[in-house]
Amino acid sequence: PTRRSSDLEIRMIRKAIDKTGRPMVLSLSPGPTSLDNAAEVGQLAQMWRISDDFWDVWANTKAFPQSLTGQFAKTAAWAQYTRPGNWPDADMLPLGQIGPVPGYGKPRVTSFTPEERQTLMTLWAMARSPLIVGANLTQMDDATFKLLTNRDVIAIDQMATHSGEVLHSGDVIAWTADLPANFPEGYTSAVALFNVGEGVVTISASFEVYGLEEATYRVQDVWAGKSLGKLKSIENLSLEPHTTTLLLLKKQ
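Residues numbered from 1 in each chain as written. Predicted model: local features only at pLDDT ≥ 70, side-chain atom pairs only at ≥ 80, totals over all residues. Heavy atoms only, no water.

Chemist: Would you explain the sheet that holds strand 11 (residues 226-231) in this entry?
Modeler: The strands making up a sheet associate through hydrogen bonds between their backbones, and the pairing can be parallel or antiparallel. Pairing is antiparallel across the open sheet formed by 6 strands, whose spatial order is 6-7-8-13-10-11. Either end of the sheet is taken by a strand with one partner, and the two such strands are strand 6 (162-169) and strand 11. The average angle at which neighbouring strand axes cross in this sheet is 20°, direction not considered. The sheet contact formed by strand 8 (residues 189-195) and strand 13 (residues 244-251) spans 6 bridges and is antiparallel. Looking at the pairing, Ala190 lines up with Leu248 of strand 13. The sheet strands contacting helix 3 (residues 68-78) are strand 6, strand 7 (172-178) and strand 8, and the helix crosses strand 7 at an angle near 35°. (Pairing = 2+ DSSP bridges. Helix = DSSP H or I, 4+ residues; strand = E, 2+ residues; numbered from the N terminus. Axes fitted to C-alpha atoms, helices over the stretch in contact; angles between N-to-C directions. Contact = heavy atoms within 4.5 Å.)

Chemist: Any chance you could explain the sheet that holds strand 1 (residues 27-28) here in plain terms?
Modeler: Overall, parallel pairing links the 3 strands, which are arranged 1-2-3 in an open sheet. Pairing within the sheet leaves two strands with one partner each, and these edge strands are strand 1 and strand 3 (87-89). Pairing between strand 2 (residues 47-49) and strand 3: 3 bridges, direction parallel. Along strand 3, the bridge assignment pairs Arg49 with Asp89.

Chemist: How should the packing of aromatic side chains be read in this particular structure?
Modeler: Two descriptors summarise a pair of aromatic rings, namely the distance from one centre to the other and the angle between the planes of the rings. Inspection of the entire model under this criterion finds 8 aromatic pairs. A centroid spacing of 6.1 Å and a plane angle of 25° characterise the contact between Phe54 and Phe112, whose relative ring orientation is stacked. Placement of Phe54 in the loop between strand 2 and helix 3 and of Phe112 in the loop between strand 5 (108-109) and helix 4 (114-126) is noted, with a sequence separation of 58 residues between them. We classify Phe54 as buried; its relative accessible area is 3%. Summarising the aromatic geometry, the rings of Phe54 and Trp124 are spaced 4.9 Å apart at their centres and angled 45° between planes, so their arrangement reads as tilted. Taken together, the residues span a long stretch of sequence, with Phe54 in the loop between strand 2 and helix 3 and Trp124 in helix 4 at a distance of 70 residues. Judged by relative accessible area, which is 0%, Trp124 ranks as buried. Chaining the aromatic ring pairs together yields one cluster made of Trp48, Trp78 and Tyr81. (Phe/Tyr/Trp six-rings, centres within 6.5 Å; stacked < 30°, edge-to-face > 60°. Buried < 20%, exposed > 50% of the residue type's maximum accessible area, 1.4 Å probe, protein only.)

What follows is the structure, given as structure tokens:
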């Protein structure tokens, strides 16, 4: 359909849903939604796709398939429009066994490395994108199950009250998220540090660099599942290519 008829169809669907008097979630998948339509789409739907089809590709210079590195700019641009009832959708998670009819490529185990899989989950959670698994659940391995069921990652995705990209310097990208008072164990902030480059990077920075208050924080490494103790800054954090560190912080 033309853009005009497509817009009309969406309005008609919204009107029909409202007439039922029952709560429903309207999820739109028109391909990449334009930022110019952010206000209107937020009035009509709860979820909408922000990119072309996303697949298990780290980098791609073409629009299709959408790559993981390409989603950083997309999610950052849409972060300001994420709020209760409005969830820009970075697309399904191509993890685990993709098949029997993937829609792109042959049936396969995801092409993402274990490190890239954590980067994917971290970005989706920090961006508060819907977490929809695009995989064969009957063939899920233990590593994928563990990745998808990390309680802290899911809690960040579902409970964060504000999030966004706060730094992009060379190959390092940083996101922060504000967490509500009822977040597990009283953590108040999440910080994600990504290395999207092809070389190792070492990070030493105060938490102020990421827009947080100058203070001492109790810090939990989410993916390692361990406490890092009380810290005023990040010191000599080494990030391998395509990896991420996800931290929970609580001011002491």
